[in-house]
Amino acid sequence: MRNVVIIGSGCAGNTAAIYSARANLKPLVVSGHEAGGQLSLTTLVENFPGFPEGINGPDLVENMKKQAQNFGAEYLHGAVMDTDFSSRPFRLNIEGEWIETRTVIIASGASARWLGLENEQKLIGHGVSSCATCDGFFYRNKRIMVIGGGDSAMEEANFLTRFGRDVTVVHRREEFRASKIMLDRARHNPKIQFMTNTVVDDIYDVSKNVVTGVRLRNLKTGEAWDQEVDGFFLAIGHIPNTKIFKGQIETDADGYILSKGGARTNISGVFHAGDVQDRTYRQAITAAGAGCMAAIEVERYLEAEGH
Ligand SMILES: Cc1cc2nc3c(=O)[nH]c(=O)nc-3n(C[C@H](O)[C@H](O)[C@H](O)COP(=O)(O)OP(=O)(O)OC[C@H]3O[C@@H](n4cnc5c(N)ncnc54)[C@H](O)[C@@H]3O)c2cc1C
């Protein structure tokens, strides 16, 4: 019987592991198929406090993991496949084997939606990004492209005009999903151009390990052309990793966990941390902070139960 199982090994899960390990709870962290979480996909992280020169994303999460292991946290490869939160102790199916635990911290994150192009995946962190707040700074006076037609695409495009020479919003439809106010703001921004009915067929240049341009295609005319670009930002949404909790943990319509205050979910003893609940900030530091909150709540919860 475990005191606490932490689902996910990103910033939220690792921070929850540091705190709960230091509280002598001997946490078990189930790493998931993306060990280290989203930061393992990126290169330089310049906005995590404590690193004046910045730090590579994979190093940052690996350091967090080592820190947690130093205090006795255990890490398990593999993913949680199924959960039974209907009674206590809670039961988790990890790669086919059921284990029991008094509490659970869900830190399974949210994955950015990508276009699914082969070269896009190869250039993540080298010009391809899903986070303007994180990476906009690297594109001072550069040509930026934003993909999407919703509010987040407009927000990211507006934000990126602080850095880029120009920002082109590429959208596959004629109409935008974005709210009128967000769309108007983008339309009135002289640095933003729009390209509608247009899709991206390829991204260059994998041989140089950096984004230099894209292949675009107009869906109405069929015309295809290459365009030079330095920063390629996806803003087509995120998918919270909550499928395995469906019907047990309350979520909003998009699958983000609904918080019941602090780090609490609708089930007493199951807590949330990080991007799996946060559709607003989605940063390493906020995820880490949420991991700290969840671990403190677990500690108090178990203490109140006499463990
Ligand atoms: C390319 C990129 C660059 C970024 N750059 C920055 C930056 O510079 N600064 C910044 O502050 N933020 C940045 N971010 C955002 C930041 O990475 C996230 O906000 C942060 O990682 C969220 O942490 P998390 O722990 O909540 O979730 P995640 O990092 O998404 O981690 C989720 C974890 O859950 C695991 N998991 C999922 N399902 C299961 C399951 N069924 N069983 C077990 N485990 C599971 C995954 O394997 C993963 O380990 C960037 C994101 C991306 C994609």
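This write-up is about the structure you can find in this document. (Residues numbered from 1 in each chain as written. Predicted model: local features only at pLDDT ≥ 70, side-chain atom pairs only at ≥ 80, totals over all residues. Heavy atoms only, no water.)

**Here we look at the site of the ligand**
Taken together, 33 residues lie around the ligand, and E34, Q38, N47, D275 and A284 are the ones closest in. With respect to the ligand, the backbone of C11 contributes an N or O atom lying 3.2 Å from an oxygen atom. Here a nitrogen atom of the ligand and a backbone polar atom of G32 are 3.5 Å apart. In isolation the ligand has 1000 Å² of accessible area, and contact with the protein removes 95% of it. For the shell around the ligand, the secondary structure elements donating two or more residues are α1 (11-22) and α7 (284-304). Within the shell around the ligand, the residues separate by chemical class into 14 nonpolar, 16 polar and three charged. (Near = heavy atom within 4 Å. Polar contact = N/O pair within 3.5 Å; in protein donor to acceptor, adjacent residues only side chain to side chain. Areas by Shrake-Rupley, 256 points an atom, 1.4 Å probe, with all protein chains shown as cover. Helix = DSSP H or I, 4+ residues; strand = E, 2+ residues; numbered from the N terminus. Nonpolar A, V, L, I, M, F, W, Y, C, P; charged D, E, K, R; others polar.)

**With respect to the pattern of salt bridges**
Scanning all chains against the criterion turns up 15 salt bridges. Here E118 makes a salt bridge to K122, at a shortest N to O gap of 3.1 Å. Of the two residues, E118 and K122 are both situated in helix α3 (residues 118-122); the distance of four residues between them amounts to about one turn of the helix. For E118, a relative accessible area of 59% puts it in the exposed group. (Salt bridge = Lys/Arg side-chain N within 4 Å of Asp/Glu carboxyl O. Buried < 20%, exposed > 50% of the residue type's maximum accessible area, 1.4 Å probe, protein only.)

**Regarding the state of the cysteines**
Counted by the stated rule, this structure contains one disulfide. Paired by a disulfide, C131 and C134 hold their sulfur atoms 2.0 Å apart. Sign of the S-S torsion, about 70 degrees for the bond between C131 and C134, identifies this disulfide as right-handed. Residue C131 is classed as buried on the basis of its relative accessible area, which comes to 14%. C134 gets classed as partly exposed once you look at its relative accessible area, which sits at 29%. Among the cysteines around C11, which has no disulfide bond, C134 carries the closest sulfur, lying 10 Å off. Between C292, a free cysteine, and C11, which holds the nearest cysteine sulfur, the sulfur-to-sulfur gap is 13 Å. What makes C292 buried here is its relative accessible area of 17%. (Disulfide = S-S within 2.5 Å.)

**A closer look at the environment of F232**
Tracing the sequence through the fold places F232 in strand β17 (residues 231-234). Expressed as a C-alpha distance, the spacing of F232 and D135, which sit 97 residues apart in the sequence, is 10 Å.

**Some thoughts on the nonpolar core**
Counting residues in hydrophobic clusters, the biggest one holds 34 residues, and the most contacted among them are C11 and I105. At the level of secondary structure, the elements contributing two or more residues to this core comprise β1 (2-7), α1, α2 (57-70) and α7. The element best represented in this core is α7, accounting for nine residues. Discounting residues that sit within four places of it in the chain, C11 has contacts with L39, V61, M64, A284, A287 and A288. Of all hydrophobic cores here, the second largest spans 19 residues; its members include I144, A153, F176 and A178. (Core = buried A, V, L, I, M, F, W, Y, C linked by side-chain atoms within 4.5 Å. Contact = heavy atoms within 4.5 Å.)

**Here's the deal with α7**
In a regular helix each residue adds 1.5 Å, so 21 residues correspond to 30 Å; α7 covers 30 Å between its end C-alpha atoms and thus fits that length. Within α7 the residues assigned to the buried category are A284, A287, A288, A290, G291, C292, A294, A295, E297, V298, Y301 and L302. In this fold, the buried residues of α7 make contact with β1, α1, β8 (97-106) and β19 (270-272). Just past α7, the residue G306 takes up positive phi, approximately 85 degrees. (Expected span 1.5 Å × (residues − 1).)

**Some points on the packing of aromatic side chains**
One pass over the full model with this rule turns up eight aromatic pairs. A centroid spacing of 6.2 Å and a plane angle of 75 degrees characterise the contact between F137 and F163, whose relative ring orientation is edge-to-face. Highlighted residues: F137 in the loop between α4 (132-135) and β11 (143-147) and F163 in the loop between α5 (151-160) and β12 (166-170), separated in sequence by 26 residues. Arranged with centres 5.6 Å apart and planes meeting at 85 degrees, the rings of Y139 and F233 form a pair that is edge-to-face. (Phe/Tyr/Trp six-rings, centres within 6.5 Å; stacked < 30°, edge-to-face > 60°.)

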